[in-house]
Amino acid sequence: DMYIITKSLLADKFLEDLATDISRKFGWGGKAHAEAFETARYDFKKFLHIDIRCIEESKLKYLPATVRYFEMKYASKVLYGKNVLDDFPEIKEDDIPISEGLRLVMNRYMLMLISFKQDYIKNRKLINESEKKIMFYYIGKAYLTACENLLMLAGRFKATYWDRAYELEKIYAKEFPELNKNHPDLVKKIFFYLNYKKNMNIAKEDPVDAWFDARDLL
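Residues numbered from 1 in each chain as written. Predicted model: local features only at pLDDT ≥ 70, side-chain atom pairs only at ≥ 80, totals over all residues. Heavy atoms only, no water.

A. Representation of the overall build of the protein chain in the model. Scanning the protein chain from N- to C-terminus turns up 10 helices and 2 strands. Overall, the protein chain shows an N-to-C arrangement of helices and strands of β-α-α-β-α-α-α-α-α-α-α-α. Taken over C-alpha atoms, the radius of gyration comes to 19 Å for the protein chain, in line with the 17 Å a tight globule of 218 residues would show. The buried share of the protein chain, taken over its 218 residues, is 40%. Contacts spanning at least 24 positions in sequence make up 68% of the contacts within the protein chain whose residues lie at least 6 apart. Carbon and sulfur atoms provide 53% of the accessible area of the protein chain, an area that totals close to 13200 Å². Computed over 37 positive and 34 negative side-chain charges, the separation of the two mean positions in the protein chain equals 3 Å. (Helix = DSSP H or I, 4+ residues; strand = E, 2+ residues; numbered from the N terminus. Rg over C-alpha atoms; globule rule 2.2 N^0.38 Å. Buried < 20%, exposed > 50% of the residue type's maximum accessible area, 1.4 Å probe, protein only. Contact = heavy atoms within 4.5 Å. Areas by Shrake-Rupley, 256 points an atom, 1.4 Å probe, with all protein chains shown as cover. Lys, Arg positive; Asp, Glu negative; His and termini not counted. Charge placed at Lys NZ, Arg CZ, Asp CG, Glu CD.)

As structure tokens, then:
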């Protein structure tokens, strides 16, 4: 994900065409949206893309307290130009609204649904390697979203996935005793899927069973 800070907004089509162009120069398909594989077989090289967006410079100091801008303020890197992150408003850990958690849950549900096909239930062999990996990627996102939501509720949100996991590990049993009783392995699963994001190696797991477990957890 990349953001360009400009004097005035650039057109969405210009940004999409630019991102697709750059992606293809790397030898990727550059398809910008996961919805594209609702009716196609998923292939990493075909769908891998760079996501480019734009923010007007005059709007920076008025940005709302969302997960996106919190992450940008405290965990992103400036690749070129002046450090505009200094112009972002200060957002505290307990400023993130609960509505952000709901938005993330709905987004993760959508991505999980898109990565899943009914035929997988009857025949697991229909799932090719790329489809299996993208299913687990979005299953992992569901667990990371559970982590994000709990930290929002506790007012202890962090800027990176790993910091969030370590923070939840510290407070889970004390802050969420009932959930800890019903889902004692939640934190362990979060770390499991964080490592999956690094190595994409999960061959022994059944993707369909894991998918339904993540759905129920959300």
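B. Representation of the packing of aromatic side chains. Under the definition given, this model contains 14 aromatic pairs. Between the aromatic rings of Phe116 and Phe212, the centroid separation amounts to 5.8 Å while the plane-to-plane angle is 80°, which identifies the pairing as edge-to-face. Of the two residues, Phe116 sits in the loop between helix H4 (98-114) and helix H5 (119-122) while Phe212 sits in helix H10 (residues 207-217), which places them 96 residues apart along the sequence. Residue Phe116 is classed as buried on the basis of its relative accessible area of 13%. What makes Phe212 partly exposed here is its relative accessible area of 24%. One aromatic cluster in this structure is built from Phe116, Tyr120, Trp211 and Phe212. (Phe/Tyr/Trp six-rings, centres within 6.5 Å; stacked < 30°, edge-to-face > 60°.)

C. Structural context of the confidence of the model for the protein chain. The share of residues in the protein chain with pLDDT of 70 or more is 95%, and the mean pLDDT across the chain is 91. Mean pLDDT across the secondary structure elements of the protein chain bottoms out at helix H2 (residues 44-47), with 78, and peaks at helix H7 (residues 161-175), with 98. (pLDDT = per-residue confidence, 0-100.)

D. Representation of the pairing of strand E2 (residues 52-56) in the model. The buried fraction of E2 is high, at 4 of 5 residues. Note: strand E1 (residues 2-6) against E2, 5 bridges, orientation parallel. Among the inter-strand pairings, Ile4 is bridged to a residue of E2, identified as Cys54. (Pairing = 2+ DSSP bridges.)

E. Here's a closer look at the pattern of salt bridges. By the definition in use, this model includes 16 salt bridges. Here Arg164 and Glu148 are joined by a salt bridge, their closest N and O atoms 2.7 Å apart. Residue Arg164 is located in helix H7, and its partner Glu148 is located in helix H6 (residues 129-154); the two are separated by 16 residues in the primary sequence. (Salt bridge = Lys/Arg side-chain N within 4 Å of Asp/Glu carboxyl O.)

F. Representation of the environment of Val208. Relative to the assigned elements, Val208 resides in helix H10. Spatially, the C-alpha atom of Val208 lies 8.4 Å from that of Phe116, the residues being 92 residues apart in sequence. If near-sequence neighbours (up to four positions away) are discounted, Val208 is found in contact with Phe116, Tyr120, Arg124, Ile127 and Met135.

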